[in-house]
Amino acid sequence: MNRITIVGAGFAALTAVQKLRAADPTAEITLVAPTPEFSYLPGTIWIPAGLRQPEQLKVDLNNFFRRMGVNYYQGSATGLKAEGRVLVTDQGEIENDGLIICSGGRFIKKLPGIEHAITPCEGIPAAVRIRDRLRELQEGTIAVGFAGNPKEPSAMRGGPMFEFLFGIDQQLRNEGRRDRFKLIFFTPAPEPGKRLGPKAVAGLLREMQKRGIETHLGHKMKQFTDNKVVTEGGEFDADLILFMPGMTGNQWFDNTDLPRSPGGLVKADAQCRVEGMPRVYVAGDSGSFPGPDWMPKQAHMADLQAEASAANLLAELNGQQPTRTFKVELFCIVDSQTRGSLVARTSKRNIALPQMRAFHWLKRLFEWWYLRQYR
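On a predicted model such as this, the values are computed, not experimentally measured, just so you know.

S.K.: What's the story with the sheet that holds strand β2 (residues 28–33) in this structure? I'm lost.
M.R.: Remark on secondary structure: sheet strands pair via backbone hydrogen bonds, oriented parallel or antiparallel. The strand order β5-β2-β1-β9-β20 describes an open sheet built from 5 strands, whose pairing is parallel. Only two strands of the sheet have a single partner each, and these edge strands are β5 (70–74) and β20 (280–282). Sheet twist, expressed as the mean angle between neighbouring strand axes with direction ignored, is 20°. By the bridge criterion, 4 bridges tie strand β1 (residues 3–7) to strand β9 (residues 98–101) in an arrangement that is parallel. Pairing of T5 across the sheet is with L99, part of β9. Packed onto the sheet, helix α1 (residues 11–23) meets β1, β2, β5 and β9 and runs at close to 175° relative to β2.

S.K.: Which parts of the structure should I look at to understand the nonpolar core?
M.R.: One recurring pattern in soluble globular proteins: nonpolar side chains tend to sit buried together. Counting residues in each nonpolar core, the largest one holds 103 residues, and the members touching the most others are I6, L31 and F38. By residue number, the principal contributor to this core is helix α6 (residues 299–317), which donates 9 residues. Mapped onto the domain boundaries, this core takes at least three residues apiece from domain 1 (3–105 + 249–318) and domain 2 (109–245). Among all residues touching F38, those that are not within four sequence positions of it are A9, G10, F11, L14, L57, K58, V59, L61, Y370, L371 and Y374. With 14 residues, the next largest nonpolar core counts A143, F186, M221 and F236 among its residues.

S.K.: Can you help me understand the UniProt feature "domain: FAD/NAD(P)-binding" (unreviewed entry) in the chain in this one?
M.R.: When the UniProt feature table is mapped to this numbering, "domain: FAD/NAD(P)-binding" (unreviewed entry) covers residues 194–301. Its end C-alpha atoms 18 Å apart, residues 194–301 is made of 16% helix and 28% strand.

S.K.: Quick question: what am I supposed to make of the packing of aromatic side chains here?
M.R.: Within a pair of aromatic rings, the relevant descriptors are the distance that separates the centres and the angle that separates the planes. On inspection of all chains with the given rule, the structure shows 21 aromatic pairs. Measuring from ring centre to ring centre gives 5.6 Å for F65 and Y72, while their planes differ by 15°; the resulting arrangement is stacked. For Y72, a relative accessible area of 23% puts it in the partly exposed group. Above the ring of W46, the side-chain terminus of R364 is found at 5.9 Å from the ring centroid.

S.K.: Any chance you could explain the pairing of strand β22 (residues 330–335) here in plain terms?
M.R.: Among the 6 residues in β22, 5 count as buried, and that is most of the element. With antiparallel pairing between neighbouring strands as the criterion, β22 and strand β23 (residues 340–345) make up a hairpin whose turn holds 4 residues, including Q337 at a positive phi of roughly 80°.

S.K.: Even after reading the chapter, I still don't get the domain arrangement of the chain, so can you show me in this structure?
M.R.: It is common to give the size of an interface as the accessible area that goes away when the parts come together. Splitting the chain by domain gives domain 1 (3–105 + 249–318) and domain 2 (109–245). In this structure, domain 1 and domain 2 have C-alpha centres spaced 29 Å apart. Each side of the interface is counted separately: domain 1 has 23 residues, and domain 2 has 21 residues. Three residues, I45, P48 and K297, lead the burial of domain 1 against domain 2; their summed loss comes to 32% of the area buried on that side. Its salt-bridge partner being D285, residue R157 comes within 2.4 Å of it at the nearest N-O pair. Joining domain 1 to domain 2, the criterion identifies 9 residue pairs in polar contact (both at pLDDT 80 or more). Tallied by class, residues from the side of domain 1 that touches domain 2 come to 12 nonpolar, 7 polar and 4 charged.

S.K.: Explain unusual backbone geometry to me, please; I cannot follow it from the model alone.
M.R.: Only a minority of non-glycine residues have a phi that is not negative, and only a minority of peptide bonds are not trans. Despite not being glycine, R279 shows a phi value in the positive range, around 55°. With respect to the helices and strands, the residue R279 is situated in the loop between β19 (266–267) and β20. Judged by relative accessible area, R279 falls into the partly exposed class, the value being 25%. One non-glycine residue, Q337, lies in positive phi territory at about 80°. Among the secondary structure elements, Q337 is positioned in the loop between β22 and β23.

The rules behind these values
- Residues numbered from 1 in each chain as written.
- Predicted model: local features only at pLDDT ≥ 70, side-chain atom pairs only at ≥ 80, totals over all residues.
- Heavy atoms only, no water.
- Pairing = 2+ DSSP bridges.
- Helix = DSSP H or I, 4+ residues; strand = E, 2+ residues; numbered from the N terminus.
- Axes fitted to C-alpha atoms, helices over the stretch in contact; angles between N-to-C directions.
- Contact = heavy atoms within 4.5 Å.
- Core = buried A, V, L, I, M, F, W, Y, C linked by side-chain atoms within 4.5 Å.
- Buried < 20%, exposed > 50% of the residue type's maximum accessible area, 1.4 Å probe, protein only.
- Domains from an automatic or database assignment.
- UniProt positions renumbered as here; feature names shortened; annotations may be inferred.
- Phe/Tyr/Trp six-rings, centres within 6.5 Å; stacked < 30°, edge-to-face > 60°.
- Lys NZ or Arg CZ within 6 Å of the ring centre and 35° of its normal.
- Buried area = accessible area lost by both parts, 1.4 Å probe.
- Salt bridge = Lys/Arg side-chain N within 4 Å of Asp/Glu carboxyl O.
- Polar contact = N/O pair within 3.5 Å; in protein donor to acceptor, adjacent residues only side chain to side chain.
- Nonpolar A, V, L, I, M, F, W, Y, C, P; charged D, E, K, R; others polar.

Encoded structure:
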């Protein structure tokens, strides 16, 4: 019986569980995470306006684990031993025949004063803070922006920030108080959303102009204060700052021999194998993978990488050569509470469709479909 350990309980980890169990009914699967809970982060964009309540985006995984025959181990990874054959946690050590790392990424919080900004993708509590601050504010300036990891071009998450920006604009309009607020979008990138493709960049900027959202683009960040955003190109006042910094690897990676990319993520090949470590794989935000510079860090890519990881690990365990690769594609709906624009990109084509009500409802339908498999 193969003993397989999975670190994490996010998109990549749960997809890996499903693919492993479908392919090998006898495998002993152990999943390590601090809580047996899945948070559907794409839905947090709707929390500020009340379209979603926090509890609607949380899934207790105990039933899913029982159905999948998974041993849940409550704890946090802290290191590795024996070339990956032993996972060290804060609750003890776990031996394995194969390991898949799906523990996500870590936001780079080095910018001075970053404690004054809310980082939306840190989870549901962050979205609740945004909701509460919007309720408190009667007027003022709201600044929304993101940056990347200069040593890891793919390690950024800009898409949700466009959604929070357009969603807040729409929310204030629905509440009849948009005229009391100034919205400013900022990023060091001169072309925001460039990884979505040139058509998407033009569309996003047009949408901002249409909504009366000011922009501050192409200037390196210097710091935040409790009421200012400061860049090398100037500063501006802000009563509420939402900022998504670039990502790097988990802190527990520092206590291992895992090979790291210049940006701090775990180096993997096209089959999601961790370089130089037998039967150790990585999927999702934890990994640095070969591919185009626009390869996204998003749930869809995490699922595709987890599927490849599961197939290749089982092949190795069965004495076969791992050959499964993952398709690099970007697919997202940039939502604004009532409408959404569809963006898709592959190696061969780039599609950017304008805002439509149908895309908003398609995004909500996908959420329902995705979550029902874990409830």
